[in-house]
There are 6 protein chains.
Amino acid sequence: MLKIGQGGIRHLQRSSTASFTTVSASSIEKGQNRVVDASLTLIRERAKLKGELVRLLGGAKASTSLLGVPLGHNSSFLQGPAFAPPRIREAIWCGSTNSSTEEGKELKDPRVLTDVGDVPVQEIRDCGVDDDRLMNVISESVKLVMEEEPLRPLVLGGDHSISYPVIRAVSEKLGGPVDVLHLDAHPDIYDCFEGNKYSHASSFARIMEGGYARRLLQVGIRSINKEGREQGKRFGVEQYEMRTFSRDREVLENLKLGEGVKGVYISIDVDCLDPAFAPGVSHIEPGGLSFRDVLNILHNLQGDVVGADVVEFNPQRDTVDGMTAMVAAKLVRELAAKISK
Amino acid sequence: MLKIGQGGIRHLQRSSTASFTTVSASSIEKGQNRVVDASLTLIRERAKLKGELVRLLGGAKASTSLLGVPLGHNSSFLQGPAFAPPRIREAIWCGSTNSSTEEGKELKDPRVLTDVGDVPVQEIRDCGVDDDRLMNVISESVKLVMEEEPLRPLVLGGDHSISYPVIRAVSEKLGGPVDVLHLDAHPDIYDCFEGNKYSHASSFARIMEGGYARRLLQVGIRSINKEGREQGKRFGVEQYEMRTFSRDREVLENLKLGEGVKGVYISIDVDCLDPAFAPGVSHIEPGGLSFRDVLNILHNLQGDVVGADVVEFNPQRDTVDGMTAMVAAKLVRELAAKISK
Amino acid sequence: MLKIGQGGIRHLQRSSTASFTTVSASSIEKGQNRVVDASLTLIRERAKLKGELVRLLGGAKASTSLLGVPLGHNSSFLQGPAFAPPRIREAIWCGSTNSSTEEGKELKDPRVLTDVGDVPVQEIRDCGVDDDRLMNVISESVKLVMEEEPLRPLVLGGDHSISYPVIRAVSEKLGGPVDVLHLDAHPDIYDCFEGNKYSHASSFARIMEGGYARRLLQVGIRSINKEGREQGKRFGVEQYEMRTFSRDREVLENLKLGEGVKGVYISIDVDCLDPAFAPGVSHIEPGGLSFRDVLNILHNLQGDVVGADVVEFNPQRDTVDGMTAMVAAKLVRELAAKISK
Amino acid sequence: MLKIGQGGIRHLQRSSTASFTTVSASSIEKGQNRVVDASLTLIRERAKLKGELVRLLGGAKASTSLLGVPLGHNSSFLQGPAFAPPRIREAIWCGSTNSSTEEGKELKDPRVLTDVGDVPVQEIRDCGVDDDRLMNVISESVKLVMEEEPLRPLVLGGDHSISYPVIRAVSEKLGGPVDVLHLDAHPDIYDCFEGNKYSHASSFARIMEGGYARRLLQVGIRSINKEGREQGKRFGVEQYEMRTFSRDREVLENLKLGEGVKGVYISIDVDCLDPAFAPGVSHIEPGGLSFRDVLNILHNLQGDVVGADVVEFNPQRDTVDGMTAMVAAKLVRELAAKISK
Amino acid sequence: MLKIGQGGIRHLQRSSTASFTTVSASSIEKGQNRVVDASLTLIRERAKLKGELVRLLGGAKASTSLLGVPLGHNSSFLQGPAFAPPRIREAIWCGSTNSSTEEGKELKDPRVLTDVGDVPVQEIRDCGVDDDRLMNVISESVKLVMEEEPLRPLVLGGDHSISYPVIRAVSEKLGGPVDVLHLDAHPDIYDCFEGNKYSHASSFARIMEGGYARRLLQVGIRSINKEGREQGKRFGVEQYEMRTFSRDREVLENLKLGEGVKGVYISIDVDCLDPAFAPGVSHIEPGGLSFRDVLNILHNLQGDVVGADVVEFNPQRDTVDGMTAMVAAKLVRELAAKISK
Amino acid sequence: MLKIGQGGIRHLQRSSTASFTTVSASSIEKGQNRVVDASLTLIRERAKLKGELVRLLGGAKASTSLLGVPLGHNSSFLQGPAFAPPRIREAIWCGSTNSSTEEGKELKDPRVLTDVGDVPVQEIRDCGVDDDRLMNVISESVKLVMEEEPLRPLVLGGDHSISYPVIRAVSEKLGGPVDVLHLDAHPDIYDCFEGNKYSHASSFARIMEGGYARRLLQVGIRSINKEGREQGKRFGVEQYEMRTFSRDREVLENLKLGEGVKGVYISIDVDCLDPAFAPGVSHIEPGGLSFRDVLNILHNLQGDVVGADVVEFNPQRDTVDGMTAMVAAKLVRELAAKISK
């Protein structure tokens, strides 16, 4: 772990090769395995409890369940998104708003919204577990939620690198690709960014390579270079840039997705919004969508939404009174309304 | 859960008595049990791994291990301390300082400092577990850390209500009372505050009633009323008020504690400091200690420190650049230096 | 008074029934009466002076006069709007802008804008006067302004609960109902909120029950639940939700109101604006109107505006440089331009 | 009025000499007189009510009553102190602290603390009343409080210019000079500052010239020039500069004042504190007193305190969470404890 | 110099006439001449080096070069724009964005963007040089940049007063008038503001009088009074007010300028944007353009852009994380893309 | 240049080896030489002018002249000190304080304080000049100031790396070592930090190696590791740690330095102060000096102060109202009083 927990096991593994015999290493590895297993068990039990609760209340066709993934270390610039999930939860239930969605669903009904808590990302990393395995733990956690009928995962990031293990899990669990609606200022489709294949700037390259998405629509794009456009072309991505948004609006407010595949997944990077509407992000890129633009796209989307994420909210850059936390929370609320039925 | 996670099971239990049969309730209760068990298992495994690591490195007489308890709901005023542990960790390892303590211990050495992560307080509450049981989970978690020789717990709060289950666990595990050095603007010794026996304003009444402390020294006191002084007298508390600090300084910079009992426990409420030094607290009470005053007391204390906590840091009131997080982190660092040997 | 002035008479009345004989109570009550009378006298004299000034300058058909109502205790969440009136005044006359309105009226001309100061809400409450009477004092104050030809009241809130006594006074003074254009994120039409019939969330239920408004148009609505829609239907309210604003814009930018009744009253809750444009509000509800949207509605409205209010600006949540104060001030300025003629 | 209420009568009087006949002017003047009279009546009635309340509860030898004077226009630099009184009141009763003073007085007891509200400074100025008369209104208001046995005034500024009319009133009402303990970074004793004899930098020159103080002790001084030292010498002021505070501490923590005169008046400019302890002031002057230094001086002072003020708190420069408001409030609380008996 | 450098030579010249003989004055004047000459030499050398660099890389038809003018003293209200240029540069190269423009130009290529640094405005003023000469130094600096083929100046303000010497230089150097596209909340066309002919509120009056612009289009206007409209008429300015922006949008997104004259100059006052998008400005004027509105106008403009400026960014009013700096930087980046070819 | 000006020549030199022939390189190098020469000429002319001014006014034995060095890139953590000099100047002359020092010197008198402006560090780096040469430019600039009798340099940093070229220049110009009083939280005496011999953490290693200081006293130290203490011992540094400040205070408030050498140089890192007193620094290290502690040391120091610096003020971490800028400014003011005579 770079910034958080430098004194942990990884630091040791790097710095003190001499003092660590093979025996020690194997002993540590067994301990790591037990920590990972216990982490997954905890998520399984929480998911089971929430699934049972929903079923006891009469069940639902689809029911949203929050899963937090407080991971920030795959960001190139700032790592604040690791602190986002508790802030978003606080804002969801904060006293300043009522608990209905804009179209009238009641969020306090567990059939609409439950919560299975966070993947213990920081603790796992502090135990010296590497990124390959961490990504698997995230995927496993998503599957554990989906295991419990009728729960569907709505993931609270974290940086955008988490969308790769999440969408992979959704697709693997459902047995085929989904259509992905991706709202973002950036395409996040570098082949590899600064040597990190799990970089938050590369997640959609991984998703497309893995065949987890059939169509990928990127909306809100306004920071893209030559490689971003070439990778988009290579993977057949439908890139809607802000430069032409006034022309594209008609299309984007009438989307129909997910037919013939396993459904629709929606990934919202909070920086798709103009920084005026969402200042609490790591990458300030003026010229973005208004909050109402985003809701118009969501409300009018036709399709069966099987999962979603809200990522890249950075509480360390938010206003003192947490305006962006409220924005992220309302995105979560309206997505929950879209998923649950 | 009041503010965080209002849509959880507790809300349901309160509001919909009719729809919940005994069968349902029992089914939910079993699920809660499994979540609690899994939570404790996860802490046990992390503690084991860190204990093993320390022993593999040659061991130590005493070794500090951090345990986060992100609990804020027993505060009468603001609940921000629930967000403190990850911010303190970030500040401990932040790039703006080196990793030596003032007297020269190296924090990157796991024999000096390890971390077993957080008790999943918010998830447990969101599953509808009540406060009696939650307090037991906290106590159990502390004991799981102490189980692993030579780890000693340094707890990151959370509000001050957590000191009760923590000190109870330390005393029970060691088999007798300890001496407690308590730095705070307030005595936190109400018999019961606003009807809540677990209130952060009552924790030291619980501790004294339980016989977990032989001597209790309270330093930095400057917001105390008649009941506070009477309770102090009733329990034989040694209350050092700020009004007389210039006279008491000599005594407080030459303390010798813990002889004849199981050792010394140090509980630092960040608001013992003047708000000039620590603005990020819920209760702004001018006229407190300087940071150097606190260090002078700690550095000169003689005694075997068997556990400690740093509580009531409220990141939602901190400066933009996290000055109070750095203050809390330095308290943790110097306490770790004091504990580890 | 809950937060502000806890040590006042009301506290006493609640807590020390024993020590207060009937004689004492009657003596206090007479004192309260004298304080209320003196408060109204002060407003009457200020209104007279300003009315005389306008008439000495040649008079006008209608002339706007500001009346502050620093009341925040009927808010369910935060009480900062009690501090708003002096901040709005400061922003109106602040050196960073000129004193012309967008369409060219000169605000420094007393025929366009005068000020009769604040109703001493906090002092009245601190003297133990209850809310029924306080609401009457507010109504009386509005009438005292209207007494002075050609003054028309533009009220600076305060939370939204003040619109009930203000509109009641306007309607009673004019002798019949008015049409009300109400810009807000919320309908504020609960029958009763948290047991408080004067709640800022219930004011428009009171107004409709009292028959003070013929038509009520609510614009900017985006936080409304089942009860809000039912109450709307019950009272025949025309609710324009943000979900359909792109469709409704045409209608809303061509309103013609007030014919056949006593005129038009405009009530602007600052949170009708998206929080990007007005962060200094108690209830952050993303997805609102832009500032230009509001001006387009106002500038194009046809009708005789007989009174108005700007409410729910919360300076305790504003940006450091007071951006929302400037926003509230510009709303006041453009409303003054609309009223005065 | 410069910034606040530029459109008022004064603006008119300055700019439009032509259009104002003598008749008009006399008519306006009568209106002003009625506004001033009504303002004083309102204060008289509030003072009467509070005095009666204290007497009904059994009376007291001396009882503190707050009087706000929201005046900021005599500052040379920033005018924020005009907004201070409501913020200080909010902090006095804020939920983050208990209502006992450090030595044990109970503030909720009206015999210890009542409140007569604010002099309507802004409204009076907006009606075109000039500074000579405004200063008299302030003096009259103080006397109206003192009229009601056993009330003693504790004035909430406002900038430091208000201490002149307040101390003048106290001295005139008591019939002789008082001793003044003045805590400040500046001596405020210019003969005339920037052409304004009522400047906040000249108030103590006015007080000494008027013979309202026998001894004047200035403590905390660290921004003083040649004129400041010469004026000090001329008036026999005892100036304690911060440069020698470590030497002077002994004397200042053992003061005995007010014997042989009418008592002691304490004037605390919040900037006597180092900006670390009180950042919310207009004049940041590093190197000042700690909060505890101030309390040590106050707690140990011997003498009959007949009045006091806390001035120059500037909420527009305070931290987001109002640390300086809490500091000003605690000064008020401890002063109230000192006055009431 | 008023605020910055009060102890400089100008202060002396004003205050101590007696002690300065003619000999001294002439000696000082020679020194000032040498400082001015050295300042221009430094700019010339930097421009030469950057021009040579571009030519060595193969040259370009037009290549943007930044020139900072940190001048704030001609503002009527706040002087923060004097600190803007280094903050804008920091934001241009900040790690949170890539270095491509929206339409694909690569900013790291010196043929697209170089930098010749700042005119040493503060040092020149501190040496006692007056405004007439300072304005000439600015004009000369612009010409020194244009001297180096193919460099074209993009000036970083500073307040808006700098556009006069800059546009004058561009026009004089090119040998005829240009068309000016001016985005701003204010027309800045007072004949003379507060006695200062160089005021930032008068620059476009100077430009039109001098014949430096053929057409002047003002876009975003929403704070304009009678004089502003009359001056506009007098000089034949095309004023597009925000009141009618929804009607004018079509025209403004299809501009064709600069034919028949020496090209197009674009002057962007950051406050043309709504304060929601650009809070870091001295004059908060709600109801402005969105960032995308501005880009749509720029991207669609047809014409040969020969120079530009971005002015009135005030870092002292920006958000903590510098949102407006990022906004100003993106304006600079997109302008550079427009100029360079 | 890393962050600021990435598109400059250095970037080019690194990235495009192929396209740059030897001819090009030599041509660029000549241009760089001319820029460096012009930069030094500008400083020489400003120093000459200021020296002449002082002499014309009658001269002085020693006269302080400010020289800004806006260099931040040798910091390991944050680079904000590059923006400090203009902020400190603004605070020195800001309207919130008078222009006398605590002991009575008048700063507006040019014999006490003049200013020769900034070394154009950013422009020089943007032209591709490397650090060796940049350090020489800084040294040369200091010597150019000292060339002009009776000017003595008071340097405004910048990060602490600048003290090396400055003290080197002072010593070389005077022809022998000086005594250095160094106030800091850190010893800055690493042999080499992160591979950078010019690092702000290594400057005093360079100074001691070069023999520029005879005695080096370090005061305020509280972040020091084993290497720091060993290097201290190696060079014979007198390190006064905060742990023992209460014991050392007597000595430090009675220092006598500079006898037998060329005088005393004072280097103040703003972080010697506790962050409560100076929050605007890159390295928050609680437990430091109070502002009065620093002044007591300075005021009582005996010795001929031949130069000084105030470094590591980071405006990007300061409070909104610039409290640390005021602190840095007051340090500068009191140092100027100490130097000038």
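Residues numbered from 1 in each chain as written. Chains lettered and ligands numbered in written order. Predicted model: local features only at pLDDT ≥ 70, side-chain atom pairs only at ≥ 80, totals over all residues. Heavy atoms only, no water.

Participant: How would you sum up the packing of aromatic side chains? Please name residues and give values.
Facilitator: Within the structure shown, the criterion is met by 15 aromatic pairs over all chains. Look at Tyr190 of chain F and Phe193 of chain F: their rings are 4.8 Å apart centre to centre, the planes differ by 55°, and that puts the pair in the tilted class. Here the two residues Tyr190 of chain F and Phe193 of chain F agree in accessibility, since each one is buried. Aromatic ring contacts, followed pair by pair, group Phe277 of chain A, Phe277 of chain C together with Phe277 of chain E into a single cluster. A cation over a ring is seen here: Arg87 of chain C above Phe83 of chain D, with NZ or CZ 4.5 Å from the ring centre. Just above the ring of Tyr164 of chain C sits the side chain of Arg168 of chain C; from NZ or CZ to the centre is 5.0 Å. (Phe/Tyr/Trp six-rings, centres within 6.5 Å; stacked < 30°, edge-to-face > 60°. Buried < 20%, exposed > 50% of the residue type's maximum accessible area, 1.4 Å probe, protein only. Lys NZ or Arg CZ within 6 Å of the ring centre and 35° of its normal.)

Participant: How would you sum up the sheet that holds strand S5 (residues 213–221) of chain F? Please name residues and give values.
Facilitator: All names here are of chain F. With parallel pairing, 8 strands are arranged side by side in an open sheet as S2-S1-S3-S8-S7-S4-S5-S6. Each edge of the open sheet is held by one strand with a lone partner, namely strand S2 (113–118) and strand S6 (238–241). Neighbour to neighbour, the strand axes of the sheet diverge by 15° on average, direction disregarded. Of the strand pairs in this sheet, strand S4 (residues 178–183) and strand S7 (residues 264–269) are connected by 5 bridges, and their pairing is parallel. Each bridged residue has a counterpart across the sheet, and for His182 the counterpart in S7 is Ser267. (Pairing = 2+ DSSP bridges. Helix = DSSP H or I, 4+ residues; strand = E, 2+ residues; numbered from the N terminus. Axes fitted to C-alpha atoms, helices over the stretch in contact; angles between N-to-C directions.)

Participant: Describe the sheet that holds strand S8 (residues 305–311) of chain D, with residues and values.
Facilitator: Residue and element names in this part refer to chain D. Across the sheet, which stays open at both edges, the 8 strands sit in the order S2-S1-S3-S8-S7-S4-S5-S6 with parallel pairing between neighbours. Every other strand in the sheet has two partners, leaving strand S2 (113–118) and strand S6 (238–241) as the edge strands with one partner each. Each strand of the sheet is rotated relative to its neighbour by a mean of 15°, with strand direction disregarded. Here 4 bridges tie strand S1 (residues 63–69) to S2, and the two strands are oriented parallel to one another. Looking at S2, one finds that Ser65 is bridged to Thr114. Packed on one face of the sheet, helix H9 (residues 245–252) meets strand S5 (213–221) and S6 and runs near 130° to S6. (Contact = heavy atoms within 4.5 Å.)

Participant: Can you lay out the side chain of Arg317 of chain B for me, pointing to particular residues and giving the numbers?
Facilitator: All names here are of chain B. Mapped onto the elements of the fold, Arg317 is located in the loop between strand S8 (305–311) and helix H11 (323–339). Polar contacts involving the side chain of Arg317 include one to the main-chain carbonyl oxygen of Val281, which spans 3.3 Å. In this structure the side chain of Arg317 is engaged in a polar contact, spanning 3.3 Å, whose partner is the backbone oxygen of Ser282. (Polar contact = N/O pair within 3.5 Å; in protein donor to acceptor, adjacent residues only side chain to side chain.)

Participant: Report on the pattern of salt bridges, specifying residues and quantitative values.
Facilitator: Under the definition given, this model contains 134 salt bridges over all chains. For Asp179 of chain C, the salt bridge identified is with Arg214 of chain C, shortest N-O distance 2.8 Å. Of this pair, Asp179 of chain C sits in strand S4 (residues 178–183) while Arg214 of chain C sits in strand S5 (residues 213–221), and the two are 35 residues apart along the sequence. When the shortest N-O distance is used, the salt bridge between Glu241 of chain E and Arg229 of chain E registers 2.9 Å. Residue Glu241 of chain E is located in strand S6 (residues 238–241), and its partner Arg229 of chain E is located in helix H8 (residues 226–235); the two are separated by 12 residues in the primary sequence. The class of Glu241 of chain E is buried, set by a relative accessible area of 11%. Classification of Arg229 of chain E as partly exposed rests on a relative accessible area of 23%. (Salt bridge = Lys/Arg side-chain N within 4 Å of Asp/Glu carboxyl O.)

Participant: Quick one: what's the story with the environment of Glu172 of chain C, residue by residue and with numbers?
Facilitator: All names here are of chain C. You can see Glu172 is positioned in helix H6 (residues 163–174). In this structure, the C-alpha to C-alpha distance between Glu172 and Ser139, residues 33 residues apart in sequence, is 9.5 Å. The residues contacting Glu172, other than those within four sequence positions of it, are Lys143 and Tyr212. Here the side chain of Glu172 touches Lys143 through a polar contact of 2.7 Å, side chain to side chain.

Participant: Account for the pairing of strand S7 (residues 264–269) of chain E, naming residues and giving values.
Facilitator: Residues and elements named next belong to chain E. Of all 6 residues that make up S7, 6 are buried, and the element is covered over most of its length. Here S7 shows a buried face lined by Val264, Ile266 and Ile268 and a second buried face lined by Tyr265, Ser267 and Asp269. Summarising the sheet, S7 and strand S8 (residues 305–311) pair through 6 bridges and their orientation is parallel. Paired with Val264 across the bridge in S8 is Val305. In this view, the connection linking S7 to its parallel neighbour S8 by way of helix H10 (residues 291–300) has right-handed handedness. (Right-handed = clockwise from strand over helix to strand, strands pointing away.)

Participant: Describe helix H9 (residues 245–252) of chain B, and please don't skip the residues or the numbers.
Facilitator: All names here are of chain B. If you check which residues of H9 are buried, you get Phe245, Asp248 and Leu252. The arc enclosing the buried residues of H9, seen along the axis, measures out at 65°, which places them on a common side. In this structure, H9 carries Ser246, Arg247 and Glu250 as exposed residues pointing more than 90 degrees from its buried face. Those residues of H9 hidden inside the fold are in contact with strand S5 (213–221), strand S6 (238–241) and helix H10 (291–300). (Arc of directions from axis to C-beta.)

Participant: Can you lay out the packing of helix H5 (residues 131–147) of chain F against helix H6 (residues 163–174) of chain F for me, pointing to particular residues and giving the numbers?
Facilitator: Residue and element names in this part refer to chain F. One can describe the packing of H5 onto H6 by two numbers: an axis separation of 8 Å at closest approach and a directional angle of 45°. In this view, H5 runs oblique relative to H6, as classed from their interaxial angle. The crossing of H5 and H6 is right-handed. Across from Met135, Asn136, Ile138, Ser139, Val142, Lys143, Met146 and Glu147 in H5, the residues of H6 making contact are Pro165, Val166, Arg168, Ala169, Val170, Glu172, Lys173 and Leu174. Here the residues of the contact of H5 with H6 are counted per class, giving 9 nonpolar, 2 polar and 5 charged. (Parallel < 35°, antiparallel > 145°, perpendicular 65-115°, else oblique. Left-handed = near helix turned anticlockwise from the far one by under 90°. Nonpolar A, V, L, I, M, F, W, Y, C, P; charged D, E, K, R; others polar.)

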